[in-house]
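Per-entry structural report
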Amino acid sequence: MNWDKSFFYHIYPLGMCDCKSQNDFSSPPGDGLIRLKDRVAHLKSLGINALYIGPLFESVTHGYDTVDYWHVDRRLGTDVDFRALVNTLHNAGIAVVVDAVFNHTGRLFFAFKDIQANGENSQYRSWYKNIRFDERSPEGDAFSYEGWAGHYSLAKLDGSNPAVRKHLFGAVKHWIEDFGIDGLRLDAADVLDPEFMDELSAFCRLIKPDFWLLGEVVHGDYRDWAHVGRLDSVTNYELYKGLWSSFNDHNFFEIAWTLNRQYGPEGMYRAMNPYNFVENHDVNRVASVLKNENHLFALYGLLCTVPGIPSVYYAGEWGARGEKKNGSDGELRPRVVETADHGRWSGLPDHCAPRVDSEVLENLIRALAKLRRDREALIKGGYRQISVTHELFCFGRATKNEELIIVVNAANKTQSLRIEPEKKMRALRPLLSASPNG
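What comes next concerns the included structure. Model, not experiment: these values are computed from the prediction.

Glancing now at the overall build of the protein chain. Check the secondary structure of the protein chain and you find 13 helices and 18 strands. In terms of overall size, the protein chain behaves like a compact globule, its C-alpha atoms giving a radius of gyration of 23 Å where 438 residues would be expected to give roughly 22 Å. For the protein chain, the C-alpha atoms occupy an extent of roughly 75 × 50 × 40 Å along the three principal directions. Out of the 438 residues belonging to the protein chain, those deemed buried represent 56%. Within the protein chain, counting contacts between residues at least 6 apart in sequence, those at least 24 apart form 67% of the total. Here the protein chain displays about 18,800 Å² of accessible surface, and carbon together with sulfur accounts for 49% of that area. When the 51 positive and 58 negative side-chain charges of the protein chain are each reduced to one mean point, those points stand 6 Å apart.

Okay, structure coming up:
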């Protein structure tokens, strides 16, 4: 798999498949994975060649409070169902990346439960960070421990412990060899032990040389994570913010500055391909963020033409809306009900329903995926800024064989621009318009 050519689709399966919010560990397996298998044709039609599946391991609630690293969450289905899904995706030419929540576990994880039962005599007392038996935890335990970001439902593992690594790496080997996955997205990579990531990287590539590792990094210098011997890519939150706010603030100077910082002549990240997105399971849906929802079309055009690896979050291809409300991420992770509407998913909850022409947006993303697939300049071309004003942005992507010129207009009127190609060309010809009117 040439990951530089990947075009991702990201799903949060527990929400998308309308699973129960609480795992009772006794109900029959759900059918979400079976239904996902039936929809692979939709992903292929979009031009998707890599699927990032959000939390999948057995958990208590939202998927990030893991209780079993070796099995699929029963609310989604069975291990057999997941193996069939991976086979179907591979047959369609789609690689599979799954969430790996290695920074912390849920409180029902067997090692944590053993500490609760046996206290200082537990053989697992060294599996967790900052265990102390001279004070109680906020959850009422007879010991205290470190929770991820202050959340005590998520007990932080000690990634430097050899026994912890052995258990987690054993699970990774199982997922690669028995299920055939192609990569992992490391949750909370920005707080994982660096040596843990290095050892994990070497371990995975001994099993599968082209195995791909993506790190969730919100702040910091991405080069600390994405480099030879550690991770292949990181989540590009810096670009994410500039993408939508440049439209909202009528200020393309913001995104131009970010792109120059990352990919310009002295760009920090010219040697890597960060994972680019306009929304995910943790942030408000971009259709609800944009002041002018018609900017969705130009926004996706920008996402798919700047350097990096683009990703579409499920139902984003239709312009689904959603916001965090009362501390809940439910609207960001809605159910998607299958309907007979031209074989496409629809049936979003009313509060998430799009306000733009969803068919036009879906077709645009399909065309952008094809453009990126067909044009080497969008895969490995350099970046140069050509022109920027508060509502008009122009840049080029070039290899020795071709140069593409991308122009983004956020104004509600036609604007003119004189373009000087970097190299001699026979003529400039339009390849694609990312406007709602085609």
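Glancing now at the side chain of E58. In this structure, E58 sits in strand β3 (residues 57-59). Within polar-contact distance, the side chain of E58 engages the side chain of N23 at 2.9 Å.

Moving on, we come to the packing of aromatic side chains. Within this structure, the stated rule accounts for 36 aromatic pairs. Taking the centre distance of 6.1 Å and the plane angle of 75 degrees together, the rings of F102 and F196 count as edge-to-face. Taken as a pair, F102 in the loop between β5 (95-100) and β6 (104-106) and F196 in helix α7 (residues 194-207) lie far apart in primary sequence, 94 residues in all. Classification of F102 by relative accessible area gives buried; the value is 4%. Overall, F196 belongs to the buried group, its relative accessible area being 1%. Aromatic pair Y237 and Y240: ring centres 6.0 Å apart, planes at 80 degrees, arrangement edge-to-face. Highlighted residues: Y237 and Y240, both in helix α8 (residues 237-248), separated by three residues, approximately one helical turn.

This part is about the pairing of strand β18 (residues 403-409). As paired elements, strand β17 (residues 392-398) and β18 share seven bridges and run antiparallel to each other. By the bridge assignment for β18, C394 is matched with V407.

Of note, the phi angle at N130 is positive, near 55 degrees, even though the residue is not glycine. Although it is not a glycine, H250 adopts a positive phi angle of roughly 50 degrees. Tracing the backbone through its elements, the reader meets H250 in the loop between α8 and α9 (252-263). Of the residues examined, H250 reaches a relative accessible area of 39% and is grouped as partly exposed.

With that settled, the discussion passes to the side chain of D187. Counting through the fold element by element, D187 comes out in the loop between β9 (183-186) and α7. Residue D187 is classed as buried on the basis of its relative accessible area of 8%. Of the polar contacts made by the side chain of D187, one reaches the side chain of R185; its length is 2.9 Å.

A separate point is the pairing of strand β1 (residues 8-11). Each regular strand displays side chains that alternate between the two surfaces of the sheet. Burial along β1 is two-sided: F8 and H10 and Y9 and I11, pointing in opposite directions, are all buried. Of the strand pairs in this sheet, β1 and strand β13 (residues 309-313) are connected by three bridges, and their pairing is parallel. Opposite H10, over in β13, you have Y313 as the bridge partner. Here β1 pairs with strand β2 (residues 50-53) via four bridges, running parallel.

Let us now look at the state of the cysteines. Scanning all chains against the criterion turns up zero disulfides. Cysteine C352 remains unbridged, with the sulfur of C17 as its closest cysteine sulfur at 15 Å. Of the cysteine sulfurs around C394, a residue in no disulfide, the closest is that of C304, at 18 Å. Here C394 falls in the buried class, since its relative accessible area comes to 0%.

Glancing now at helix α12 (residues 358-374). Every α-helix carries 3.6 residues per turn, so stepping three or four residues along brings you back to the same face. Spanning 17 residues, α12 covers 24 Å between terminal C-alpha atoms, matching the ideal 24 Å at 1.5 Å per step. Listed in full, the buried residues belonging to α12 are S358, L361, E362, L364, I365, L368, A369, L371 and R372. In this structure, the buried side of α12 is in contact with α3 (40-46), α11 (295-303), β13 and α13 (376-380). Its side-chain oxygen 3.2 Å from the backbone nitrogen of E359, D357 forms the N-cap of α12.

Basis of the calculations
- Residues numbered from 1 in each chain as written.
- Predicted model: local features only at pLDDT ≥ 70, side-chain atom pairs only at ≥ 80, totals over all residues.
- Heavy atoms only, no water.
- Helix = DSSP H or I, 4+ residues; strand = E, 2+ residues; numbered from the N terminus.
- Rg over C-alpha atoms; globule rule 2.2 N^0.38 Å.
- Buried < 20%, exposed > 50% of the residue type's maximum accessible area, 1.4 Å probe, protein only.
- Contact = heavy atoms within 4.5 Å.
- Areas by Shrake-Rupley, 256 points an atom, 1.4 Å probe, with all protein chains shown as cover.
- Lys, Arg positive; Asp, Glu negative; His and termini not counted.
- Charge placed at Lys NZ, Arg CZ, Asp CG, Glu CD.
- Polar contact = N/O pair within 3.5 Å; in protein donor to acceptor, adjacent residues only side chain to side chain.
- Phe/Tyr/Trp six-rings, centres within 6.5 Å; stacked < 30°, edge-to-face > 60°.
- Pairing = 2+ DSSP bridges.
- Disulfide = S-S within 2.5 Å.
- Expected span 1.5 Å × (residues − 1).

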